[in-house]
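Spelled out from the first residue to the last, the chains are:
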Amino acid sequence: MQLDVYRCDAYKCHGNVPKDFGHKEYFRGHQKRLHGVSNGQEIDEAFQRCRIQMRNPPLQSLCGFCGDSFHGASSWDRRLHHVGRHLMEGDQLEKETEDVFLRNWALEEGVLEIVHDKFQLVGLANVHEAS
Ligand SMILES: [Zn+2]
Ligand SMILES: [Zn+2]
């Protein structure tokens, strides 16, 4: 099992750091808010274009909304489904608290950056950077 990441490929999103999203719904929200992409087919195309498969997911994680914990080999998949349900039920991303397990994993993997006092996963995928 691999962890999927969505990397925004819109030109204006490419600063020095690529914008990666660890969850499909985050990426969907980003596309909508920043790029005005709300049409289902355009979103699907963006999912396909921007999806990157990568390294091993964390073995332990927490839901930032309700605190449920997940562990084991397939736990990341379960977490994504679980968090996706919160998002679909209208829970606001702003309310999500930090997942310390995910944070530690990201630190170990070297994919974490602190941006505006909040951590952000960066450079998750090992892909060649087209400038
Ligand atoms: Zn973008
Ligand atoms: Zn939850």
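Owing to the predicted nature of the structure, the values given are computational and were not obtained by experimental measurement. (Residues numbered from 1 in each chain as written. Chains lettered and ligands numbered in written order. Predicted model: local features only at pLDDT ≥ 70, side-chain atom pairs only at ≥ 80, totals over all residues. Heavy atoms only, no water.)

**A look at the overall build of the protein**
Inclusion rule: Here a helix means four or more residues in a row that DSSP labels H or I, a strand means two or more in a row labelled E, and each is numbered from the N terminus. Using a 1.4 Å probe on the protein chains alone, a residue whose accessible area is under 20% of its type maximum counts as buried, one over 50% counts as exposed, and one in between counts as partly exposed. Only heavy atoms enter the contact rule, under which two residues are in contact if any of them lie within 4.5 Å. All accessible-area figures derive from a Shrake-Rupley calculation using a 1.4 Å probe, and residue coverage is judged against the displayed protein chains alone.
Helix and strand content of the protein: 4 helices and 7 strands. Helices and strands in the protein line up, N terminus first, as β-β-α-α-β-β-β-α-α-β-β. Considering the protein as a whole, with its 131 residues, one finds that 42% of them fall into the buried category. Across the protein, contacts joining residues at least 24 apart in sequence account for 47% of those joining residues at least 6 apart. Summing over all exposed atoms, the protein offers an accessible surface of approximately 8300 Å²; the carbon and sulfur share of this is 47%.

**Some points on the coordination of the zinc ion (ligand 2)**
Inclusion rule: Coordinating N, O and S atoms are those within 2.8 Å of the metal (3.2 Å for Na, K and Ca), and as water is not part of the atoms, a site may appear to have fewer donors than expected.
The protein atoms donating to the zinc ion (ligand 2) are C63 (SG), C66 (SG), H82 (NE2) and H86 (NE2), with metal-donor distances spanning 2.0 to 2.3 Å. The sequence motif formed by the donor residues of the zinc ion (ligand 2) is C-x2-C-x15-H-x3-H. Placement of C66 in the loop between β4 (60-62) and β5 (69-71) and of H82 in helix α3 (residues 75-88) is noted, with a sequence separation of 16 residues between them. Looking at H82, the relative accessible area reads 10%, which means it is buried.

**Here we look at the packing of aromatic side chains**
Stated precisely, the cut-off is as follows: Pairing of aromatic side chains requires ring centres within 6.5 Å, counting the rings of Phe and Tyr and the six-membered ring of Trp. Pairs whose planes differ by under 30 degrees are stacked, by over 60 edge-to-face, and all others tilted.
In this structure the tally under the stated criterion is 4 aromatic pairs. Between F27 and F47 the ring centres are 5.9 Å apart and the planes differ by 40°, which places this aromatic pair in the tilted class. Remark: F47 occurs in helix α2 (residues 40-50) and F27 occurs in helix α1 (residues 24-35); sequence separation between them is 20 residues. Judged by relative accessible area, F27 falls into the buried class, the value being 0%.

**A short note on the nonpolar core**
To keep it simple, the criterion reads: Take the buried Ala, Val, Leu, Ile, Met, Phe, Trp, Tyr and Cys residues and link them wherever side-chain atoms come within 4.5 Å; each set so joined is a nonpolar core.
In terms of nonpolar packing, the biggest core is built from 17 residues, with C8, F21, F27 and V83 touching the most fellow members. Those elements that provide at least two residues to this core are α1, α2 and α3. Broken down by element, the residue count for this core peaks at 4 residues, all from α2. Setting aside residues no more than four positions away along its own chain, F27 makes contact with Y6, R7, C8, F21, A46, F47 and C50. W76, L102, W105 and A106 belong to the second-largest nonpolar core, a separate cluster that totals 5 residues.

**Here's the deal with the packing of α1 against α2**
Selection rule: Axis geometry follows a simple rule: fit a line to the C-alpha atoms, using only the stretch in contact for helices, then measure angles between N-to-C directions, giving values from 0 to 180 degrees. In this scheme, roughly parallel covers angles under 35 degrees and roughly antiparallel covers those over 145, while 65 to 115 is roughly perpendicular and the rest are oblique. By the definition used in this description, the sense in which the near helix is turned from the far one sets the handedness, with an anticlockwise turn below a right angle giving left-handed and a clockwise turn giving right-handed. Each residue is assigned to one class: nonpolar for Ala, Val, Leu, Ile, Met, Phe, Trp, Tyr, Cys and Pro, charged for Asp, Glu, Lys and Arg, and polar for all the others, Gly among them.
The N-to-C vectors of α1 and α2 enclose an angle of 120°; their axes lie 11 Å apart at closest approach. Classified by the interaxial angle, the pair formed by α1 and α2 is oblique. In terms of crossing hand, the pair formed by α1 and α2 is right-handed. In this structure, α1 contributes K24, F27, R28 and Q31 to the contact, and α2 contributes I43, A46, F47 and C50. Split by residue class, the contact of α1 with α2 holds 5 nonpolar, 1 polar and 2 charged.

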